[in-house]
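Structural description and commentary
Chain by chain, the residues:
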Amino acid sequence: GAGVSQSPRYKVAKRGQDVALRCDPISGHVSLFWYQQALGQGPEFLTYFQNEAQLDKSGLPSDRFFAERPEGSVSTLKIQRTQQEDSAVYLCASSLAVQAAVGNTIYFGEGSWLTVV
Amino acid sequence: QKEVEQNSGPLSVPEGAIASLNCTYSDRVSQSFFWYRQYSGKSPELIMSIYSNGDKEDGRFTAQLNKASQYVSLLIRDSQPSDSATYLCAVISLNAGGTSYGKLTFGQGTILTVHP
C-alpha cells in the first residue's frame, strides 16, 4: 500500500479482555517499530523488528504485551488481560533500511486508539 | 531525568510571528535529530531532520543543532494558524555496539497555537 496501515483504528476493550492490533507496513520495508503514545505525551518505544526478527523488545511494559512479525511484513501487537493504563494510541512505523542513515525516513501509521473501560 | 526534554508550553504566538521550540537531550552519543508535527488525532509527520551542528533551513522552518550544549531547536517563521499542532522533538542514538537501527526517543511535545 501507499502508507503504513493500522487496524482497528479504534478499539474499546473491557478490562481483562485480550486485544490484537495489526500493522501493515509499506511494502519492502525492512524495519518495523511499535510505539505507545499516552494522552498528552510523546510516543514511547515498545519494540523493533528487522524483517521477522524481533531485535529489541526493551520497551514492552509487561509480559502482557507481545508482538510478532512472522513473515517479515505484517505485524501484530497483542495485549493480554488489558488494564486501564493500557489506554493509549499504538503507533506502528516502518522504514526501508536498517541503519539510521541520512534520508532513511521513518513513516508512521495513523495509529490504533485503544480505550480500556 | 527524561532523555529528551522540550519546553513545556503550550506556546501561543500571533499569526506572522516567529515560533521558537526548544529541546535538550541527555545522551551524548545521539546522532540524528528530528522535529515531527502532530495534528490532533493524527500520526506524527516529519518536518525537519538535522545531523550536524549549525542551522538547516527548509522554507519557513529552521532547525538548529548544538551538540556541545546538547540542544536542538526549531524556528517557524511567519507562523500560520495551520501550524497549530503539537511539535515533537526526537533523537536517534547509537547502540552499545556503535550502530543504530533507527529507534526514536521522543520528547513530551510542545503544543503550539497560532492565533489570527
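Up top is the structure.
As a starting point, this report considers the structure included with it. (Residues numbered from 1 in each chain as written. Chains lettered and ligands numbered in written order. Predicted model: local features only at pLDDT ≥ 70, side-chain atom pairs only at ≥ 80, totals over all residues. Heavy atoms only, no water.)

**A look at the nonpolar core**
- By size, the foremost hydrophobic cluster in this structure holds 23 residues, and its most contacted members are Phe33, Trp35, Val72, Leu74, Ile76, Tyr87 and Leu112 of chain B.
- Those elements giving two or more residues to this core turn out to be strand E3 (19-25), strand E4 (30-38), strand E5 (45-50), strand E7 (61-66), strand E8 (71-76), strand E9 (85-93) and strand E11 (110-115) of chain B.
- With residues near it in sequence (within four places) discarded, Ile76 of chain B still touches Ala17, Ile18, Ala19, Leu21, Arg60, Phe61, Asp83, Tyr87 and Leu112 of chain B.
- Of all hydrophobic cores here, the second largest spans 20 residues; its members include Leu21, Leu32, Leu46 and Cys92 of chain A. (Core = buried A, V, L, I, M, F, W, Y, C linked by side-chain atoms within 4.5 Å. Buried < 20%, exposed > 50% of the residue type's maximum accessible area, 1.4 Å probe, protein only. Helix = DSSP H or I, 4+ residues; strand = E, 2+ residues; numbered from the N terminus. Contact = heavy atoms within 4.5 Å.)

**Quick look at the sheet that holds strand E3 (residues 19-24) of chain A**
Residues and elements named next belong to chain A.
- Taken together, four strands build an open sheet; the order of strands is E1-E3-E8-E7 and the sheet is antiparallel. Strands at the two margins of the open sheet, each flanked by one partner only, are strand E1 (5-7) and strand E7 (65-68). Strand-to-strand twist in this sheet, taken as the mean axis angle between neighbours without regard to direction, amounts to 15°.
- In this structure, E3 lies alongside strand E8 (residues 75-79), joined through five bridges in antiparallel fashion. The partner of Val19 across the bridge, within E8, is Ile79. (Pairing = 2+ DSSP bridges. Axes fitted to C-alpha atoms, helices over the stretch in contact; angles between N-to-C directions.)

**Description of the sheet that holds E8 of chain B**
Residues and elements named next belong to chain B.
- The strand order E1-E3-E8-E7-E6 describes an open sheet built from five strands, whose pairing is antiparallel. Only two strands of the sheet have a single partner each, and these edge strands are strand E1 (4-6) and strand E6 (54-58). Across this sheet, the average inter-strand angle for adjacent strands is 20°, counted without regard to direction.

**Quick notes on the environment of Ser40 of chain B**
- Tracing the chain through its elements places Ser40 of chain B in the loop between E4 and E5.
- With 33 residues separating them along the chain, Ser40 of chain B and Asn7 of chain B place their C-alpha atoms 19 Å apart.

**Re the side chain of Asp56 of chain A**
- Summarising the element assignment, Asp56 of chain A is placed in strand E6 (residues 53-56).
- No salt bridge forms around the buried Asp56 of chain A; measuring N to O, its nearest opposite-charge neighbour Lys103 of chain B is 4.4 Å away.
- In contact with Asp56 of chain A, not counting residues within four places along its chain, are Phe45, Leu46, Thr47 and Tyr48 of chain A together with Tyr101 and Lys103 of chain B. (Lys, Arg positive; Asp, Glu negative; His and termini not counted. Salt bridge = Lys/Arg side-chain N within 4 Å of Asp/Glu carboxyl O.)

**Notes on the pattern of salt bridges**
Residues and elements named next belong to chain A.
- Applying the stated rule across the entire model yields six salt bridges over all chains.
- One salt bridge in this structure joins Asp86 and Arg64, with 2.8 Å as the shortest N-O distance. Pair noted here: Asp86 is in the loop between E8 and strand E9 (88-95) and Arg64 is in the loop between E6 and E7, with a separation of 22 residues, a long-range link.
- Relative accessible area serves as the criterion here: at 11%, Arg64 is assigned to the buried category.
- With a shortest N-O distance of 3.4 Å, Lys78 and Glu68 are connected by a salt bridge. Of this pair, Lys78 sits in strand E8 while Glu68 sits in strand E7, and the two are 10 residues apart along the sequence.
- A relative accessible area of 32% means that Lys78 is categorised as partly exposed.

**Let's talk about the layout of surface pockets**
- Roughly 540 Å³ of internal volume is contained in the largest pocket.
- The wall of the largest pocket is formed by 29 residues, among which Gln37, Leu39 and Gly40 of chain A together with Gln38 and Gly41 of chain B lie closest to the centre.
- Those elements giving two or more residues to the lining of the largest pocket turn out to be E9 and strand E11 (112-116) of chain A together with E9 of chain B.
- Looking at side-chain class alone, the lining of the largest pocket contains 12 nonpolar, 15 polar and two charged residues. (1 Å grid on protein atoms, 1.4 Å probe; cavity = no way out; pocket = protein on both sides within 12 Å on 5 of 7 lines; lining within 4 Å. Points joined across faces, edges and corners; volume = space filled by probe spheres on them. Nonpolar A, V, L, I, M, F, W, Y, C, P; charged D, E, K, R; others polar.)

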